[in-house]
Structure formats: structure tokens, C-alpha cells
Amino acid sequence: MTSEVVENEFEFYSKAEKYWKDVPATVDGMLGGYGHISSIDINSSRKFLQKFLRDGPNRTGTTRALDCGAGIGRITKRLLLPLFKTVDMVDVTEDFLTKAKSYLGEEGRRVRNYFCCGLQDFSPEPNSYDVIWIQWVIGHLTDNHLSDFLKRCRAGLRPNGIVVIKDNMAQEGVIMDDVDSSVCRDLDVVRKIIRRAGLHLLAEERQENFPDEIYHVYTFAMR
């Protein structure tokens, strides 16, 4: 439970905002110095996502996606824009969204909205998105805010839409990182929060070929 490790909620959020304001608006900055893993990450995510975009009666659409905690648009550029007609981005750091406009290049014209907002305060437009992609950002929300945000994401899905979480998983319990003011939860805690939000897990996958010294990374699809 984040309530056991987050002593002051206001400080938890304000400290994180301050941390990201000082991070360079680069791929390496987005990945905490691990820019070299970006291609491995994107390729795995594409394979995972394409399972849901293939032909079939419950096929997920490709009209519109939402990139949550989007930063400068690393995932928007390499994963979402090649697969979806339009993409919206949401991030708490205004400088990252400003940088995204040049980083995304010509294809960035298909990004309809740049929302500058913390996810604890963000509500996706109801019945609007085929895929809501949430990567390396759930640790910046308390359990209650994460559960509430996922409920709003569920309402934001179009028919056959999916919510995807890709993030670090702790071995056991909830671990606080005082540097960037975030938490890392174990698999059981994350699954409980997903269930609490009224979402059903459709797939779960561990990321392969990442450096040994970083947390295990898992991807979940749900609706």
C-alpha cells in the first residue's frame, strides 16, 4: 500500500514535478540514462499491442490512442503514431510537451491534443480511445489515485478498447524512491488495484532482454 510509504501526499506529487522539471528533454532523460533500451522496449510493446489489433470479432480499433506520462513523445513517435490515426499526449511537464512538437517531426501533425496535467487530475474523454497506453508512470500515483484514474480510463475506452500498463515491478511489497518521488509495487499489488478499478486482465507479459540491474518490467492489457 502506498499509504504505508507516502507520508505526505502533497509533497509526494510536488517533489516528483520538481524532479522532472530538471530532467533533460531527451530520450535518455525520459529513460533515466537507459536510452539504449528504447528500441528493445518499443519492439516488444509493438508485438504485444499487435495481438489486439489483428483481425477478429473483438479486434481493438486503430482510430485514436492516448499516451499517458508521454514525456517528449518517445512512445507516441515510435509505437502509437505508426499504428493509430491520431494520438493524444498527457504529461505533467510542460517543457517535455513543448519539445515533443519538434521531436515528433512531420507525423506530429496527427497528435491532436497535448494535455499538460498530472494523471491524478486527468480525465480521458469518455468513449474516445481504442488504446490508453500508460508506461513508466503509475509509480507517481498513490494507490487510490491510480485506481480512480484507471476507472476514468475504463470510461474513456471505445468498444473493444484496451488499457495497457507497462511498468517496473518490485519483488515484494511497495518500495519508495526518494530521488524521483515514486513508488514501485509488486505484481500482486498492481493486480489488486486493476481489479479494484473494475478492469479485467486480458494479458500479462514480462519484458525480456532488459539490463539485469533494473527492475523487472511487466506489460498488462485490460478492459
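Parameters at a glance
Residue positions are given per chain, counting from 1 as you read along its sequence in written order. For this predicted model, a pLDDT threshold of at least 70 governs which residues receive local features, and a threshold of 80 or more governs which side-chain atom pairs are given and counted, while totals over whole chains, interfaces and linings are taken from all residues. Only hydrogens and water are set aside when side-chain values are computed; all heavy atoms of the structure are taken into account. A pocket here means an open set of points on a 1 Å grid, computed over the protein atoms alone, that has protein on both sides within 12 Å along at least five of seven lines. A cavity is instead a set of points where a 1.4 Å probe fits but cannot get out; residues with an atom within 4 Å of a point line either one. Grid points are joined across faces, edges and corners, and a volume is the space filled by probe spheres set on the points. Only DSSP runs of H or I covering at least 4 residues are called helices, and only runs of E covering at least 2 are called strands; the numbering of each starts at the N terminus. Each residue is assigned to one of three groups, with Ala, Val, Leu, Ile, Met, Phe, Trp, Tyr, Cys and Pro labelled nonpolar, Asp, Glu, Lys and Arg labelled charged, and all others, Gly among them, labelled polar. Patches draw on residues past 30% relative accessible area with no salt bridge. Two like charges within 9 Å are joined, as are two nonpolar side chains (Val, Leu, Ile, Met, Phe, Trp, Tyr) within 5 Å. Here the accessible surface of atoms and residues is derived via Shrake-Rupley with a 1.4 Å probe, and residues count as covered only by protein chains that are part of the display. A carboxyl oxygen of Asp or Glu within 4 Å of a side-chain nitrogen of Lys or Arg is what we treat as a salt bridge. As used throughout, the charge tally considers Lys and Arg to be positive and Asp and Glu to be negative, leaving His and the chain termini uncounted. For the purpose of locating charges, the reference atoms are NZ of Lys, CZ of Arg, CG of Asp and CD of Glu. Buried, partly exposed and exposed residues are distinguished by accessible area as a fraction of the type maximum, computed with a 1.4 Å probe on protein chains only: under 20%, between the cut-offs, and over 50%, respectively. We call two strands paired when DSSP finds no fewer than two bridges between them. Arc, as used here, means the arc of the directions from the helix axis to the C-beta atoms. Contacts between residues were defined by any pair of non-hydrogen atoms, one from each residue, lying within 4.5 Å. Any pair of N or O atoms that falls within 3.5 Å is considered a polar contact. Within protein, one atom must be able to donate a hydrogen and the other to accept it, and sequence-neighbouring residues count only if both atoms are side-chain atoms.

### Details of empty space enclosed by the protein
Leftover empty space is mapped by rolling, across the atoms, a probe with the size of a water molecule. Under the definition given, this model contains one cavity of 30 Å³ or more. In this model, the largest cavity occupies a volume close to 30 Å³. The wall of the largest cavity is formed by I138, G139, D167, N168, M169, V183, C184, R185 and V190. Of all elements in the fold, only β5 (157-169) and β7 (182-185) reach the threshold of two or more residues within the lining of the largest cavity. Of the residues that constitute the lining of the largest cavity, the class distribution is five nonpolar, two polar and two charged.

### Comments concerning a negative patch on the surface
Taken together, the side chains of E7, E11, D177 and D178 present a region of like negative charge at the surface. Of note, D178 is situated in the loop between β6 (174-177) and β7. According to the relative accessible area criterion, D178 is exposed, its value standing at 53%.

### Looking at the pairing of strand β9 (residues 216-222)
It is a general feature of regular strands that their side chains alternate between the two faces of the sheet. In terms of residue burial, β9 counts as a mostly covered element, since six of its seven residues are buried. Relative to β9, β5 runs antiparallel, the two being bridged by seven bridges. Along β9, the bridge assignment pairs V163 with M222. Where strand β8 (residues 201-206) and β9 come together, five bridges link them in antiparallel fashion. What sits directly across from L201, in β9, is M222.

### What to know about the pairing of β7
Side chains of β7 alternate between two faces, with S182 and C184 and V183 and R185 buried alike. Pairing of β6 with β7 involves four bridges; the strand directions are antiparallel. Following the sheet pairing, V174 is matched in β7 by R185. Between the end of β6 and the start of β7, which pair antiparallel, lie four residues, with S181 showing a positive phi angle near 55 degrees.

### Digging into helix α7 (residues 187-196)
For α7, every residue scored as buried is listed here: L187, V189, V190, I193 and I194. Seen from one end, α7 has its buried residues packed into an arc of 165 degrees, which puts them on one side. Facing away from the buried side of α7, by more than 90 degrees, are the exposed residues K192 and R195. Of the surrounding elements, those touching the buried residues of α7 are α6 (143-156), β5, β6, β7, β8 and β9. The N-cap of α7, judged by a side-chain oxygen 3.1 Å from the amide nitrogen of D188 a few residues on, is D186. Immediately downstream of α7, the backbone of G198 shows phi near 80 degrees, a positive value.

### Thoughts on the environment of L202
Topologically, L202 is positioned in strand β8. The spatial distance from the C-alpha of L202 to the C-alpha of M222 is 5.1 Å, given a sequence separation of 20 residues. If near-sequence neighbours (up to four positions away) are discounted, L202 is found in contact with F52, I162, A221, M222 and R223.

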